[in-house]
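What follows is the residue order along each chain.
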Amino acid sequence: FFFQAEDGIRDAQESRGLGDVYKRQRQESSHFWYVIYTIKIHVVLSLFFWCLYQVNTTDPGVVPLEWHIEHIHELDNNPKFCLICNLTKPERCHHCALCNRCVLAMDHHSQRINNCVGFFNKKYFIQTLAYGATLQILFLPSICFEVLKFFGDSHQTESVAVLKFVLVFIDIALVGIM
């Protein structure tokens, strides 16, 4: 009885044109969510590129020339000395062979940013990694949707299929690079 009443309501709505209104509302709703999804991706992408710019251009921190051995003796009884720079260096300071300088709180020299990750740019480096991971999470549903749509559509011409395959491959490669 319940299913018959539901079919009767649907028939009455379609006879009044309400079925078209319902379909249009569903399409507008899905377009709204596509816009929201696109805005989220672009915001995170902008933050990713801003942090990547910051980590590339921010100096990781070098040992100041005013840093003398007296400062070291006040803080530490066992001072360290860099044989390459001929400087007394503080704790957690290491010499980078690629940058040819001593870097404060050096983590590592990153080939992707062509800079050391040190005291002043470590925050931007971690943010770049976090935004990159977030972008991969945001891109994953759209890539899966495109792959499923590509393999599910049997009525496409060969040139359209090749173009879709190339675009999906580029999407996957971009996510892999990040």
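That block above? That's the structure.
Remember, predicted model here, so these are calculated numbers, not experimental data.

A. Structural view of the overall build of the protein. A tally of helices and strands in the protein yields five helices and six strands. Ordering the α and β elements of the protein from the N terminus gives α-α-α-β-β-β-β-β-β-α-α. Burial analysis of the protein (178 residues in total) assigns 25% to the buried set. Contacts in the protein between residues at least 24 apart in sequence constitute 45% of all its contacts with a sequence separation of at least 6. Element-wise, carbon and sulfur atoms account for 64% of the exposed surface of the protein, whose accessible area totals about 13200 Å².

B. Here's a closer look at the packing of aromatic side chains. Across all of its chains, the model carries three aromatic pairs by this definition. Where Trp 50 meets Tyr 53, the ring centres are 5.8 Å apart and the plane angle is 35°; that geometry is what we call tilted. Of this pair, Trp 50 and Tyr 53 both sit in helix α2 (residues 18-57), three residues apart, roughly one helical turn.

C. Structural detail: the environment of Asn 121. Residue placement: Asn 121 occurs in the loop between β6 (115-117) and α4 (122-152). By relative accessible area, Asn 121 is classed as buried at 0%. For Asn 121 and Thr 58, which are 63 residues apart along the polypeptide, the C-alpha to C-alpha distance reads 5.9 Å. When near neighbours in sequence (up to four residues on either side) are disregarded, Asn 121 contacts Val 55, Thr 58, Pro 60, Asn 115 and Cys 116. At 3.5 Å, the side chain of Asn 121 and the backbone oxygen of Val 55 are in polar contact.

Conventions used here
Residues numbered from 1 in each chain as written. Predicted model: local features only at pLDDT ≥ 70, side-chain atom pairs only at ≥ 80, totals over all residues. Heavy atoms only, no water. Helix = DSSP H or I, 4+ residues; strand = E, 2+ residues; numbered from the N terminus. Buried < 20%, exposed > 50% of the residue type's maximum accessible area, 1.4 Å probe, protein only. Contact = heavy atoms within 4.5 Å. Areas by Shrake-Rupley, 256 points an atom, 1.4 Å probe, with all protein chains shown as cover. Phe/Tyr/Trp six-rings, centres within 6.5 Å; stacked < 30°, edge-to-face > 60°. Polar contact = N/O pair within 3.5 Å; in protein donor to acceptor, adjacent residues only side chain to side chain.

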